[in-house]
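# Close look at the chain arrangement
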Amino acid sequence: MSTRERILDYVTKNPGITFRKLAQELNIGIGNLQYHLRHLEKEGKIISKRLGGKNTSSPRVLKKSTGVL
């Protein structure tokens, strides 16, 4: 499993996880994690938000009823 796949899998299982917690849990350097999160966000696979002073990541989910993200 590639680093990006590991990140996406972990974020999917732990929506709203903070950036630092994700880096710690997956033992990935900050710069490396930023790089992969940026690509996952550009690909539309995750959403990153700043909540309460912390950066969080969640999977992008398609709403069944509307077909809108």
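As a reminder, the structure under discussion sits directly above these lines.
This report concerns the structure included in the present document.

Reading the values: the criteria
- Residues numbered from 1 in each chain as written.
- Predicted model: local features only at pLDDT ≥ 70, side-chain atom pairs only at ≥ 80, totals over all residues.
- Heavy atoms only, no water.
- Pairing = 2+ DSSP bridges.
- Helix = DSSP H or I, 4+ residues; strand = E, 2+ residues; numbered from the N terminus.
- Axes fitted to C-alpha atoms, helices over the stretch in contact; angles between N-to-C directions.
- Parallel < 35°, antiparallel > 145°, perpendicular 65-115°, else oblique.
- Left-handed = near helix turned anticlockwise from the far one by under 90°.
- Contact = heavy atoms within 4.5 Å.
- Nonpolar A, V, L, I, M, F, W, Y, C, P; charged D, E, K, R; others polar.
- Buried < 20%, exposed > 50% of the residue type's maximum accessible area, 1.4 Å probe, protein only.
- Salt bridge = Lys/Arg side-chain N within 4 Å of Asp/Glu carboxyl O.

A few words now on the pairing of strand 3 (residues 54-59). Taken residue by residue, a regular strand's side chains alternate between the two faces of the sheet. Taken together, the two bridges between strand 1 (residues 17-18) and strand 3 define a ladder with antiparallel strand orientation. Residue pairing in the sheet places Thr 18 in a bridge with Thr 56 of strand 3. Bridging between strand 2 (residues 46-51) and strand 3 involves six bridges; their strand directions are antiparallel. Following the sheet pairing, Lys 49 is matched in strand 3 by Thr 56. The hairpin turn running from strand 2 into strand 3, its antiparallel successor, is two residues long, and Gly 52 in that turn takes a positive phi close to 60 degrees.

Let us look at the packing of helix 2 (residues 19-26) against helix 3 (residues 30-42). Helix 3 packs onto helix 2 with a crossing angle of 110 degrees between their chain directions and a minimal axis gap of 10 Å. In terms of orientation, helix 2 and helix 3 fall into the roughly perpendicular class. Relative to helix 3, the crossing made by helix 2 is right-handed. Contact residues: Phe 19, Arg 20, Leu 22 and Ala 23 in helix 2; Ile 30, Leu 33, Gln 34 and Leu 37 in helix 3. Taken together, the residues of the contact of helix 2 with helix 3 sort by class into six nonpolar, one polar and one charged.

On to the environment of Leu 26. Along the chain, Leu 26 turns up in helix 2. For Leu 26, a relative accessible area of 10% gives the class buried. Distance from Leu 26 to Ile 7, taken between C-alpha atoms, is 7.6 Å for residues 19 residues apart in sequence.

It is worth spelling out the pattern of salt bridges at this point. All chains considered together, the criterion is met by four salt bridges. Note that Asp 9 and Lys 13 form a salt bridge whose closest N and O atoms lie 3.3 Å from each other. Of this pair, Asp 9 and Lys 13 both sit in helix 1 (residues 3-13), four residues apart, which is roughly one turn of that helix. Residue classification places Lys 13 among the exposed positions, given a relative accessible area of 59%. Salt-bridge contacts for Glu 25 lead to Lys 21; the nearest nitrogen and oxygen are separated by 3.1 Å. Of this pair, Glu 25 and Lys 21 both sit in helix 2, four residues apart, which is roughly one turn of the helix. According to the relative accessible area criterion, Lys 21 is partly exposed, its value standing at 40%. Overlapping salt bridges bring together Arg 4, Glu 43 and Lys 45 as one network.

Any link to function would need more than the numbers given here.
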